[in-house]
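Tertiary structure, described
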Amino acid sequence: MKYIQKKTGAFMVIALLVSLAGSGQPGRNPKIKPANPGIATGAQDRARWVKDLYKIAYPVVHNLAEGTLKKNLPLEQGPDYNLVVKDVTYLEAVGRTAAGIAPWLALPDDATEEGTLRAKMRKEMLQGLRNAVDPENPDCLNFKKQSQPIVDAAYLSHAFLRAPKALWEPLDTLTKRRYIDAFKSLRNRSGAYNNWLVFAALTEGFLRYIGEDYDPVRIDYALNKMKDWYTGDSWYKDGDLFSMDYYNSYVIHPMLTDLIKTLLEKRPGKVHVRAEDYETALRRMVRHAEFLERIIAPDGTYPAFGRSVTYRTAAFQALAQVALMEKLPEHIRPAQVRCALTKVFSNMFEGNQNFDANGWLVLGFNGHQPMMADVYTSTGSLYMATLGFLPLGLPADNKFWTDPPADWTSKKAWSGQPVKKDYKVDY
């Protein structure tokens, strides 16, 4: 498939999309010129990120826009899966993909190859969002049955908060009303007594943000429990007991920080938050980002521990968000985060080990490893992997992309370079 753009009186042919070998879905992977020999530049790193993110997100976004998501999304499930897969997996795929690609889609249009690709995906995402709440569309998603939609409505709300002008405001009035009603319908259910409190609160925070009636109790309860569950040095418990896993990055830090920010920006009153609460949440997320940067090994691997490791690169959402916000600590250069994550993404997504023949993600960590999936994990769950790509929301001329390559902390440490001593914090 080719798109032709007129430029300076001549036609510049841009071959944007190519098929993977054996693919039944042509067009999901953009053609990116291979990097020059030697160390990649920031521009080449960005091109690789765009290719990898597009490769992951395209099957979800394109099929939803075509009304074929339910027809084509595989229903692979983890051992002893305990949900009703057809009631939950499609919304999982949509909400999680949208939350990851939102900052990239929020960038303004431009005439570059990436810009053309981004505009195409944004157009399909908007059509897909309309389809997702249209009762006449075969891809109309479930918000009213099971508890799992509490989770993925929150990821969809997060996408709207991350890119309101790109993904929320362009929707027609009827579609907006359908989402509002769908989000409010979640109030007749409760979820787990852990990070799920943040999911419910974020959706209510979004309703508040757009001027709708919201439930302040769900917000206050989540904020108060997260204060109780903070254990120190950037780590929150996930319920009454501490869990050694990536949920502080999958969920807690990004959603909690953005929730508090949203509460301070819109409609003061009713919810009890202060500017100091946001500053504390942000400082804790920055500290957690520092930890995440340190666990990336010199070869770009990282520990596969804890629940939900099949979410893959979502493990780095907190680091990615801090980079997107340009809040990295002074001793962590943006380029070293770029280079570290580029190496992680290369390990994960440059091959086809994490994709089936039609381009859908497969259950596993780095390959088809269904035994690593949890009892709540199905194909749609895996699209949280997009959350590691948030810095693509920084424009191409930002120093994150333009600074020369830099070694990350573990690479420095293992090669005898100077490294800042790490120590606990008291906030």
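What you are looking at is a predicted structure, and each value in this text was computed from that prediction instead of being measured. (Residues numbered from 1 in each chain as written. Predicted model: local features only at pLDDT ≥ 70, side-chain atom pairs only at ≥ 80, totals over all residues. Heavy atoms only, no water.)

1. Regarding the overall build of the protein
Quick note on the threshold: Per the convention used, a helix needs a DSSP run of H or I reaching at least four residues, while a strand needs a run of E reaching at least two, with both numbered from the N terminus. Computation of the radius of gyration draws on C-alpha atoms alone. For the globule rule, the value is 2.2 Å times the number of residues to the power 0.38. Three exposure classes are used, based on accessible area relative to the maximum for each residue type with a 1.4 Å probe and protein chains only: buried under 20%, partly exposed in between, and exposed over 50%. Contacts: residue pairs with any heavy atoms within 4.5 Å of one another. Each accessible area is a Shrake-Rupley estimate made with a 1.4 Å probe; only the visible protein chains count as cover when residues are assessed. By the counting scheme adopted, Arg and Lys are positive, Glu and Asp are negative, and His together with the chain ends is not counted. We put the charge of a Lys on NZ, of an Arg on CZ, of an Asp on CG and of a Glu on CD.
On a plain count of helices and strands, the protein comes out with 15 helices and six strands. Relative to its length of 427 residues, the protein is compact, with a C-alpha radius of gyration of 21 Å against a globular reference of 22 Å. Across its three principal directions, the C-alpha atoms of the protein cover 60 × 60 × 45 Å. Counting every position in the protein, which comprises 427 residues, the buried fraction comes to 57%. The contacts in the protein between residues at least 6 apart in sequence include a share of 75% that link residues at least 24 apart. A total of about 17,300 Å² of accessible surface is found on the protein, and carbon and sulfur atoms cover 53% of it. Separation of charge centres in the protein, based on 55 positive and 47 negative side chains, amounts to 3 Å.

2. Regarding the confidence of the model for the protein
Here is the rule: pLDDT is defined as a per-residue confidence score from the predictor, taking values between 0 and 100.
Chain-level pLDDT for the protein is 92 on average; 90% of the residues reach the 70-or-more range. Confidence over residues 1–26 falls short of pLDDT 50; this stretch has 58 contacts with residues more than four positions distant or in other chains. Every residue in residues 32–37 is under pLDDT 50, and counting partners more than four places away or in other chains gives five contacts.

3. Structural notes on the packing of aromatic side chains
Quick note on the threshold: Only centres within 6.5 Å qualify two rings of Phe, Tyr or Trp (six-membered ring in Trp) as a pair; their planes then separate them into stacked at under 30 degrees, edge-to-face at over 60, and tilted for everything else.
Taken as a whole and judged by the stated rule, the model has 31 aromatic pairs. Between the aromatic rings of Trp-49 and Phe-389, the centroid separation amounts to 6.0 Å while the plane-to-plane angle is 85°, which identifies the pairing as edge-to-face. Taken as a pair, Trp-49 in helix α1 (residues 42–66) and Phe-389 in the loop between α13 (334–349) and α14 (399–402) lie far apart in primary sequence, 340 residues in all. Take Trp-49: its relative accessible area is 0%, and that puts it in the buried class. Given the relative accessible area of 1%, Phe-389 is considered buried. Measuring from centroid to centroid gives 6.4 Å for Trp-196 and Phe-199, while their planes differ by 75°, and the two rings are edge-to-face. Within this pair, Trp-196 and its partner Phe-199 are both found in helix α8 (residues 196–209), separated by three residues, close to a single helical turn.

4. Description of unusual backbone geometry
Although it is not a glycine, Ser-234 sits at a positive phi angle of roughly 85°. Position of Ser-234 relative to the elements: it lies in the loop between β5 (230–232) and β6 (235–236). Despite not being glycine, Arg-312 shows a phi value in the positive range, around 50°. Tracing the backbone shows Arg-312 in the loop between α11 (275–294) and α12 (317–324). Take Arg-312: its relative accessible area is 1%, and that puts it in the buried class.

5. Notes on the packing of α8 against helix α10 (residues 247–265)
The geometry of a pair of packed helices is captured by two quantities: the angle between their axes and the separation between those axes. In plain terms, the rule: Every axis corresponds to a line fitted to the C-alpha atoms, with the helix fit spanning only the stretch in contact, and the corresponding angles, defined between N-to-C directions, vary from 0 to 180 degrees. The scheme is simple: roughly parallel for angles under 35 degrees, roughly antiparallel for over 145, roughly perpendicular for 65 to 115, oblique for anything else. What makes a crossing left-handed is the near helix being turned counterclockwise from the far one by less than a right angle; a clockwise turn instead makes it right-handed. For this classification, the nonpolar set comprises Ala, Val, Leu, Ile, Met, Phe, Trp, Tyr, Cys and Pro, the charged set comprises Asp, Glu, Lys and Arg, and every other residue, Gly included, is treated as polar.
Running from amino to carboxyl end, α8 crosses α10 at an angle of 30°, the nearest separation of the two axes being 10 Å. Here α8 lies roughly parallel to α10, going by the angle between them. As for how α8 packs across α10, the hand of that crossing is left-handed. Along the contact surface, α8 presents Val-198, Phe-199, Ala-201, Leu-202, Gly-205, Arg-208 and Tyr-209, while α10 presents Val-251, Met-255, Leu-256, Leu-259, Thr-262, Leu-263 and Glu-265. Residues of the contact of α8 with α10, tallied by class, amount to ten nonpolar, two polar and two charged.

6. Comments concerning the packing of α11 against α12
It is the contact of α11 with α12, at a shortest axis distance of 8 Å, that shows an interaxial angle of 120°. The way α11 lies across α12 gives a crossing that is left-handed. Contact residues: α11 offers Met-285, Val-286, His-288, Ala-289, Leu-292 and Glu-293, while α12 offers Ala-318, Leu-319, Gln-321 and Val-322. Residues of the contact of α11 with α12, tallied by class, amount to seven nonpolar, two polar and one charged.

7. Considerations on the pattern of salt bridges
This is how it is decided: The rule for a salt bridge is simple: a side-chain nitrogen of Lys or Arg has to be within 4 Å of a carboxyl oxygen of Asp or Glu.
All told, the structure shown has 31 salt bridges when counted by the stated rule. For Arg-118, the salt bridge goes to Asp-110, with nearest N and O atoms at 3.0 Å. A salt bridge links Arg-307 to Asp-245; its shortest N-O distance comes to 2.8 Å. Here Arg-307, found in the loop between α11 and α12, pairs with Asp-245, found in the loop between β6 and α10; they are 62 residues apart in sequence, far enough to count as distant. Asp-245 gets classed as buried once you look at its relative accessible area, which sits at 2%. Counted as one network, the salt bridges with shared partners bring together Asp-45, Arg-48, Lys-51, Arg-338 and Glu-350.

8. Describing the environment of Gln-321
Note the cut-off: Identification of polar contacts relies on pairs of N or O atoms within 3.5 Å, with a donor-acceptor requirement for protein atoms, meaning one able to donate a hydrogen and the other able to accept it, and with residues adjacent in sequence counted only if both atoms are side-chain atoms.
Following the sequence through the fold, Gln-321 ends up in helix α12. Considering only alpha carbons, one finds Gln-321 and Ile-219, 102 residues apart in sequence, at a separation of 22 Å. With residues near it in sequence (within four places) discarded, Gln-321 still touches His-158, Arg-162, Pro-254, Asp-258, Met-285 and Leu-390. Here Asp-258 takes part through its side chain, which lies 3.0 Å from a polar atom of the side chain of Gln-321.

9. A look at the environment of Phe-160
Mapped onto the secondary structure, Phe-160 falls in helix α5 (residues 149–162). Its relative accessible area of 0% is what places Phe-160 among the buried residues. Considered as a pair, Phe-160 and Trp-229 are 69 residues apart in the sequence and their alpha carbons are 27 Å apart. Not counting chain neighbours up to four residues away, the residues in contact with Phe-160 comprise Leu-129, Leu-167, Trp-168, Leu-171, Tyr-179, Phe-183 and Phe-206.

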